[in-house]
Amino acid sequence: MSDAGETLSGDAHRNYPGNLTPFVTVTCLVAAMGGLIFGYDIGISGGVTSMDSFLEKFFPELYRRKNQMVPAKNRYCYYDSQTLTIFTSSLYLAALLASLVASTVTRKLGRRLSMLSGGLLFCGGAIINAFAGAVWMLILGRLLLGFGIGFTNQSVPLYLSEMAPHKYRGALNFFFQLSITVGILIANVVNFFSVKIKGGWGWRLSLGGAMVPALIITIGSLLLPDTPNSMIERGQHDEARNKLRRIRGVGDVEEEFRDLVAASEASKQVKNPWRNLLLRKYRPHLSMAILIPAFQQLTGINVIVFYAPVLFNTIGFESDASLMSAIITGCWNVLATIVSIYGIDKWGRRYLFLEGGFQMLICQIVVTAAIGAKFGVSGTVDKLPEWYAIVVVLFICNYVAGFAWSWGPLGWLVPSEIFPLEIRPVAQSINVSVNMFFTFATAQVFLSMLCHMKFGLFIFFSFFVCVMTVFIYFFLPETKGIPIEEMGRVWKTHWYWSRFVTDNDYQTEGGLEMIEGAQVVLTVTPSLDVIYEYRTC
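Residues numbered from 1 in each chain as written. Predicted model: local features only at pLDDT ≥ 70, side-chain atom pairs only at ≥ 80, totals over all residues. Heavy atoms only, no water.

Novice: What am I meant to see in the overall build of the chain here?
Specialist: Counting its regular elements, the chain contains 25 helices and 4 strands. When burial is assessed residue by residue, the chain has 61% of its 537 residues classed as buried. Partitioning the intrachain contacts of the chain with sequence separation of at least 6 by distance along the chain shows that 78% fall at a separation of at least 24. (Helix = DSSP H or I, 4+ residues; strand = E, 2+ residues; numbered from the N terminus. Buried < 20%, exposed > 50% of the residue type's maximum accessible area, 1.4 Å probe, protein only. Contact = heavy atoms within 4.5 Å.)

Written as C-alpha cells, this is what we have:
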C-alpha cells in the first residue's frame with residue numbers, strides 16, 4: 001500500500017466522465033446572474049452620492065461643502081460624512097447578518113430557494129429606495145438590499161461549484177465575478193445618463209434600476225434545477241442521479257454519484273456544523289474562509305468601485321468627467337474578468353493570485369505618488385492637468401484589471417470549492433460574513449480615512465497587498481482541476497496544513513481509507529492510477 005499512499009499524496013485524482021453540456025452552461029450562466037445585484041449596488045452608490053440633486057435633498061450640508069458654499073478643510077475632506085457612509089455601508093452589515101441565516105436555508109431547503117429569497121428581498125429594497133423621501137427610507141431600503149445580497153452571495157458560488165464539471169469549475173464559477181463586473185459597469189452607465197435628467201430625479205432611476213437584476217435572479221431561480229449535492233443532502237437520490245446524468249451529458253455517472261452520496265452520508269453525521277467547523281481538521285478551511293475574503297477587501301478595491309465618482313471628483317475631475325472615468329474603469333474591469341475566464345483552469349489559482357497582487361501593488365504605488373505629488377497634504381490644488389489625470393486613470397484601470405483576474409473572482413471561487421460537504425454551507429456563510437464585514441468597514445471609514453490620511457490611504461492598502469501576496473505564496477495550495485469532493489487531499493500534502501489533517505482524517509490501512517465517514521476500497525493500477533469504491537459506514 002505504499003504506492004497508494006504516495007499516489008494519494010501526489011496529484012492523482014478521479015477523472016469523472018462528463019462534458020461541458022449546453023444545459024449546465026446555460027444553468028450556470030443564469031445562476032451567475034446573482035452577481036448582477038451585487039455588482040449593480042456596488043457601482044450605483046458612488047455615482048448617486050456624487051449627484052447634486054441627491055445630496056441637496058438628503059445631505060444639504062455636504063452639498064454646500066462640495067459646491068464651496070461653506071469652507072472645507074481641503075479637497076480630501078469634501079465628502080467626509082458619517083451619515084453618507086452609513087447609507088453606503090449599512091447594506092453590507094445587513095448582508096453579514098443575512099448570510100448566517102442563509103446557510104440554514106441553503107442546507108435544508110436547497111440552493112435555488114436561497115437565491116429566490118435573495119432576489120425578492122433585493123427587489124423590495126430597490127422599490128423603497130426609488131421612492132425614498134427621507135434618510136431613514138434610504139437606510140431601510142439599503143438593509144433589504146443587504147439581506148438579498150447575503151442570500152445570493154452565500155448560495156450562488158456554492159451552486160456554481162457543485163453544478164460545474166471539475167475540469168471547468170474555475171471558468172464557470174468566474175461567471176459570478178463577471179456578472180458582478182457587468183453589474184458595476186451597467187450601474188456606472190446608468191449614473192452617467194441619469195445625472196443629466198432634468199428635474200433632479202435621476203437618482204431615483206439609478207436606485208430603482210436595481211429592480212431589473214433582482215427580477216432576473218428571482219425568475220431565474222424559479223427555472224433553475226437544484227444541484228445533485230443538494231438533492232442528495234435532502235434524500236432525493238433518484239432525482240439527483242437523473243439530474244447528474246443530464247448535467248454531465250453521459251449515462252455513466254455512478255462513480256461520481258457514489259462519491260456524492262458518501263460525502264452526504266458523512267455530512268449527516270455532523271450534528272452541529274458550526275461547532276464542528278472549529279475542529280482541528282478543519283483549521284485550514286476555516287483559515288481560508290476568514291483570511292481570503294478579508295484580504296480581498298483589504299486590497300482597497302472598494303475604494304475604487306464604491307466611490308469611483310466621488311474619488312475622481314475629489315482629485316479634481318468635473319462631475320461628468322468623474323462619472324465617465326468610472327465607466328472606463330468599469331469597462332476595464334469587465335475585459336480583465338473575461339481574460340481570467342480563459343486563464344483560471346489553464347494557469348491555476350496561485351499564479352493568478354500572485355500576478356494580480358504584484359500588479360495591484362505597482363499601480364497603488366504609482367497612484368499614491370501621483371496624487372501625493374500634486375495635492376500634497378494640504379489638498380489645495382483645484383484640478384489635475386489633463387495629461388496627469390489620464391495617467392491616474394490608466395493606473396487605476398490597471399489596478400482594477402489586476403484585481404479582476406485575481407482576488408476578485410478567486411476570492412469567491414477558492415473558498416467555495418475547498419469546503420467538504422458537511423461544513424460547506426456554514427463555511428460559506430463564514431466566508432460571506434467576513435467579506436461583508438470588511439466591505440462594511442471599508443465603506444464606513446473610507447471617506448474619513450481619505451480626509452485624515454490624504455494620499456497615504458493608498459499606502460495603507462498597499463501594505464495589505466504585500467501581506468496577502470506573501471500569504472498566498474506560502475499557505476494556499478493549488479486546487480486547479482481537483483474534483484470538489486476530493487479537495488481534502490490538498491491539505492494532506494501541504495507543508496504547513498498537513499499538521500492539522502491527521503491520519504484519522506485520511507487513514508489508509510490494508511486497502512481501506514477512511515474519508516469523512518465513508519469507507520473506501522482502493523485499487524492501484526500498474527500506472528499508479530487509483531480506483532475507488534465507496535462504502536458508507
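Novice: Teacher, can you tell me more about the confidence of the model for the chain here?
Specialist: Keep in mind that low pLDDT regions are not for reading the predicted coordinates in detail. Averaged over every residue, the pLDDT of the chain is 77; residues scoring 70 or more account for 80%. The least confident element of the chain, judged by mean pLDDT, is helix α1 (residues 2–9) at 34; the most confident is helix α10 (residues 202–208) at 92. (pLDDT = per-residue confidence, 0-100.)

Novice: Can you walk me through the pattern of salt bridges in this structure?
Specialist: When charged atoms on two side chains of opposite charge get close, those side chains can pair. Inspection of every chain in the model, using the stated rule, returns 3 salt bridges. Measuring nitrogen to oxygen at the nearest pair gives 2.6 Å for the salt bridge that ties R142 to D41. With a gap of 101 residues between them, R142 in helix α8 (residues 135–163) and D41 in helix α3 (residues 34–48) connect regions that are remote in the sequence. Accessibility assignment for this pair places R142 and D41 in one class, buried. R349 serves as the salt-bridge partner of E417, at 3.0 Å between the closest nitrogen and oxygen. Here E417, found in helix α22 (residues 407–418), pairs with R349, found in helix α20 (residues 349–375); they are 68 residues apart in sequence, far enough to count as distant. Summarising the burial analysis for this pair, E417 and R349 share the class buried. (Salt bridge = Lys/Arg side-chain N within 4 Å of Asp/Glu carboxyl O.)

Novice: Any chance you could explain the packing of helix α2 (residues 22–32) against α8 here in plain terms?
Specialist: A pair of packed helices can be characterised by two numbers: the angle between their axes and the separation between those axes. It is the contact of α2 with α8, at a shortest axis distance of 9 Å, that shows an interaxial angle of 170°. As judged from the angle between their axes, α2 and α8 are roughly antiparallel. Counted together, V24, T27, C28, A31 and A32 of α2 and V156, Y159, L160 and M163 of α8 form the full contact between these two elements. Along the lines of polarity and charge, the residues of the contact of α2 with α8 split into 8 nonpolar, 1 polar and no charged. (Axes fitted to C-alpha atoms, helices over the stretch in contact; angles between N-to-C directions. Parallel < 35°, antiparallel > 145°, perpendicular 65-115°, else oblique. Nonpolar A, V, L, I, M, F, W, Y, C, P; charged D, E, K, R; others polar.)

Novice: Which parts of the structure should I look at to understand the nonpolar core?
Specialist: A general feature of soluble globular proteins is that nonpolar side chains tend to end up buried together. Counting residues in hydrophobic clusters, the biggest one holds 121 residues, and the most contacted among them are F54, W407 and M436. Broken down by element, the residue count for this core peaks at 11 residues, all from helix α9 (residues 169–194). Not counting residues up to four positions away in its chain, the partners in contact with W407 are I292, F295, Q296, T299, F353, M360, M468 and I472. If you look at the next biggest cluster of nonpolar residues, it comprises 8 residues, including M231, I232, A240 and L260. (Core = buried A, V, L, I, M, F, W, Y, C linked by side-chain atoms within 4.5 Å.)

Novice: I'm lost on helix α23 (residues 424–453) in this one. Help?
Specialist: An α-helix turns once every 3.6 residues. As a result, residues three or four positions apart point the same way. Of all the bends found along α23, the most pronounced is centred on F446 and spans about 45°. In terms of burial, α23 is largely enclosed, as 23 of its 30 residues are buried. Of the residues one or two after α23, K454 is the one with positive phi, at around 55°. (Bend = angle between axes of the 7 residues up to and from the residue.)

Novice: Please clarify how the environment of T181 should be interpreted in this entry.
Specialist: Checked against the element boundaries, T181 lands in helix α9. Take T181: its relative accessible area is 0%, and that puts it in the buried class. Each C-alpha atom, one on T181 and one on A404, is 8.2 Å from the other, the two residues being 223 residues apart in sequence.

Novice: Help me understand the environment of I430 in this model?
Specialist: Residue position: I430 is located in helix α23. Between the C-alpha atom of I430 and that of S103, which follows or precedes it by 327 residues, the distance is 9.2 Å. Not counting residues within four places of it along the chain, the set of residues in contact with I430 comprises W274, L277, L286, A289 and I290.

Novice: Got a minute to help me understand the packing of aromatic side chains in this structure?
Specialist: The geometry of an aromatic ring pair is captured by the separation of the ring centres together with the interplanar angle, meaning the angle of the planes. This structure, assessed with the given rule, holds 25 aromatic pairs. Ring plane angle 90° and centroid distance 6.3 Å describe the contact between W491 and W497, whose orientation is recorded as edge-to-face. Pairing Y496 with F500 gives two aromatic rings, centres 5.7 Å apart and planes at 65°, and the pair type is edge-to-face. Here a set of aromatic residues connected by ring pairs shows up, and it is made of F295, F353, W407, F471, F475, W491, W495, Y496, W497 and F500. Above the ring of F58, the side-chain terminus of K57 is found at 5.7 Å from the ring centroid. Sitting over the ring of F192, K196 keeps its end group 4.6 Å from the ring centre. (Phe/Tyr/Trp six-rings, centres within 6.5 Å; stacked < 30°, edge-to-face > 60°. Lys NZ or Arg CZ within 6 Å of the ring centre and 35° of its normal.)

Novice: Please clarify how the side chain of T439 should be interpreted in this entry.
Specialist: You can see T439 is positioned in helix α23. For T439, a relative accessible area of 1% translates into the label buried. A polar contact of 2.6 Å, which involves the side chain of T439, links it to the backbone oxygen of N435. (Polar contact = N/O pair within 3.5 Å; in protein donor to acceptor, adjacent residues only side chain to side chain.)

Novice: Help me understand the side chain of T368, please; the structure alone is not making it clear to me.
Specialist: If you trace the backbone, T368 turns up in helix α20. Only 2.7 Å separates the side chain of T368 from the backbone oxygen of Q364, close enough to count as a polar contact. Residue contacts for T368: discarding those within four places in its chain leaves F455, F458 and I459.

Novice: What's the story with the state of the cysteines in this structure? I'm lost.
Specialist: Put plainly, two cysteines are in a disulfide when a covalent bond ties their sulfur atoms together. Under the defined criterion, the tally for this structure stands at 0 disulfides. The thiol sulfur of C397 is not disulfide-bonded, and the nearest other cysteine sulfur, from C331, lies at 8.9 Å. For C397, a relative accessible area of 4% translates into the label buried. (Disulfide = S-S within 2.5 Å.)

Novice: Help me understand helix α13 (residues 237–248), please; the structure alone is not making it clear to me.
Specialist: For α13, spanning 12 residues, the distance from its first C-alpha to its last is 16 Å, which sits close to the expected 16 Å at 1.5 Å a residue. Turning to α13, its buried residues number three or more, namely A240, K243, L244, I247 and R248. The arc that holds the buried residues of α13, viewed along the axis, is 120°, so those residues lie on one side. Within two residues after α13, G249 carries a phi angle of roughly 75°, on the positive side. (Expected span 1.5 Å × (residues − 1). Arc of directions from axis to C-beta.)

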